[in-house]
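Listed here are the chains, written in short residue letters.
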Amino acid sequence: RAKDEGRNGFRYYSEELTARAFERVLLESSLHRALERDEFELFYQPQLDLVSGELRGLEALVRWRHPEMGLVPPDKFIPLAEESGIIVAMGEWILERACTQMRSWQHAGVIDEAVLISVNLSPKQFDQHALSEMVDGTLSRTGLAPAGLELEITESTMMRSIERTGHVLGALRELGVKVAIDDFGTGYSSLAHLKRLPLTKLKIDKSFVSDIPGDLNDVAIAKAIIALASSLSLEVLAEGVETREQQDFLTREGCHTGQGYLFSRPLEVAALERFLLTLHRLV
Ligand code: C2E
Ligand code: MG
Ligand code: MG
Ligand code: MG
């Protein structure tokens with residue numbers, strides 16, 4: 001009897017696997033099609049000076065405008081795009097779109113050239129051996145100045161192979177592009193490596209921002225990251241700023257740039273342009 005159950009259990013398991021593999025293939029091919037049909041769209045979230053309220057940057061965040069499902073958030077498709085390798089083509093599209101959009105805002109005079117465009121890079125993209133050539137080509141084609149582009153990588157991307165990371169970051173920095181560490185504090189960075197790598201910014205992960213100033217552990221972590229950035233001469237930005245108290249705390253502690261729902265959610269192009277008008281009206 002136990003044996004039967006075992007056999008049934010096994011059969012059930014393998015059917016389950018097959019179904020999941022099937023779903024995966026379906027989703028993968030629909031991601032390919034979505035790219036061909038131009039169904040991906042970039043939203044932009046403002047990054048502001050927490051003291052003056054001036055615009056410092058925009059983070060490009062991808063969404064999938066699915067014909068039936070509507071707007072699909074990145075958490076639902078980026079992991080699979082990453083696993084299947086589609087992220088490389090998708091990532092090139094994202095970079096090109098973000099740079100083109102930024103250049104067009106600069107031309108229209110709605111955004112100052114000192115404002116950065118931040119683009120997330122996935123680990124697979126970072127492994128592409130011609131990454132800096134791809135970035136260089138995109139900058140030339142779109143006409144965006146290298147100093148106007150910031151690439152965001154995560155700690156795990158950075159820490160996988162330190163030799164390679166040093167090489168890739170060196171090539172990107174040589175182009176004049178900036179490099180930020182995203183979700184900082186959630187991974188396992190080595191301080192020695194942080195010091196050695198040519199980085200420009202640490203982005204404090206929103207999980208450490210959401211419970212300040214009430215949670216003393218998060219307060220300690222946020223303060224430590226701000227101090228670390230300062231001693232390494234890196235810029236620092238807080239993600240997920242949702243309250244005035246968080247803004248005040250960060251400002252007091254020396255973190256003068258932030259992004260979050262307190263100021264704006266990620267916005268589609270037309271909505272972002274309206275947001276910029278309200279900013280201009282403030283000055
Ligand atoms: P991320 O790069 O850390 O992006 C920040 C995420 O925090 C965004 O979620 C943003 O909407 C959200 N966020 C911003 N302010 C607040 C806030 O005040 N409170 C809260 N609770 N959340 C806030 P989103 O757009 O859903 O993106 C999720 C993740 O997907 C990103 O995290 C990034 O890892 C990935 N992703 C998004 N776009 C791209 C892309 O173009 N390429 C790659 N490779 N990954 C992307
Ligand atoms: Mg990011
Ligand atoms: Mg982040
Ligand atoms: Mg994240």
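On a predicted model such as this, the values are computed, not experimentally measured, just so you know. (Residues numbered from 1 in each chain as written. Chains lettered and ligands numbered in written order. Predicted model: local features only at pLDDT ≥ 70, side-chain atom pairs only at ≥ 80, totals over all residues. Heavy atoms only, no water.)

With respect to burial, strand β4 (residues 116-120) is a largely interior element, four of its five residues being buried. Note: strand β2 (residues 55-66) against β4, four bridges, orientation parallel. Among the inter-strand pairings, L58 is bridged to a residue of β4, identified as I117. Relative to strand β5 (residues 149-154), β4 runs parallel, the two sharing four bridges. Bridged to V119 within β5 is L151. (Buried < 20%, exposed > 50% of the residue type's maximum accessible area, 1.4 Å probe, protein only. Helix = DSSP H or I, 4+ residues; strand = E, 2+ residues; numbered from the N terminus. Pairing = 2+ DSSP bridges.)

Considering the arrangement of structural elements, one finds E150 in strand β5. Within the local environment of E150, its side chain forms a polar contact with the side chain of S118, the two groups lying 2.6 Å apart. In this structure E150 touches L116, I117, S118, V119, K178, A180 and K201, once residues within four positions along its chain are discounted. (Polar contact = N/O pair within 3.5 Å; in protein donor to acceptor, adjacent residues only side chain to side chain. Contact = heavy atoms within 4.5 Å.)

Once their charged atoms are close, side chains differing in charge can pair, the charge on each being opposite to the other. Applying the stated criterion across every chain yields a total of twelve salt bridges. With its nearest N and O atoms 2.8 Å apart, the salt bridge here joins R65 to E41. With R65 in strand β2 and E41 in strand β1 (residues 40-49), the pair connects residues that are 24 residues apart, well separated along the chain. For R65, a relative accessible area of 35% translates into the label partly exposed. The salt bridge partner of D127 is R160, with a shortest N-O separation of 3.0 Å. Of this pair, D127 sits in helix α4 (residues 123-127) while R160 sits in the loop between α6 (155-159) and α7 (162-175), and the two are 33 residues apart along the sequence. Overlapping salt bridges bring together E59, E152, K203 and E239 as one network. (Salt bridge = Lys/Arg side-chain N within 4 Å of Asp/Glu carboxyl O.)

The next subject is the confidence of the model for the protein. Low-pLDDT portions of the prediction should not be read for the details of their coordinates. Confidence in the prediction of the protein, expressed as mean pLDDT, is 92, and 94% of residues score 70 or more. When the criterion is pLDDT under 50, residues 1-5 qualifies, and its contacts beyond four places in sequence or with other chains add up to zero contacts. (pLDDT = per-residue confidence, 0-100.)

This part is about unusual backbone geometry. In this structure, the amide linkage connecting I212 to the following residue, P213, adopts the cis form with an omega of 0 degrees. Relative to the helices and strands, P213 is located in the loop between α9 (206-209) and α10 (216-231). Phi is positive for D38, which is not a glycine, with a value near 65 degrees. Relative to the assigned elements, D38 resides in the loop between α1 (2-36) and β1. D38 sits in the exposed class, given a relative accessible area of 53%. Of note in the backbone geometry, S233 takes a positive phi value of approximately 55 degrees without being a glycine. Considering the arrangement of structural elements, one finds S233 in the loop between α10 and β8 (235-238).

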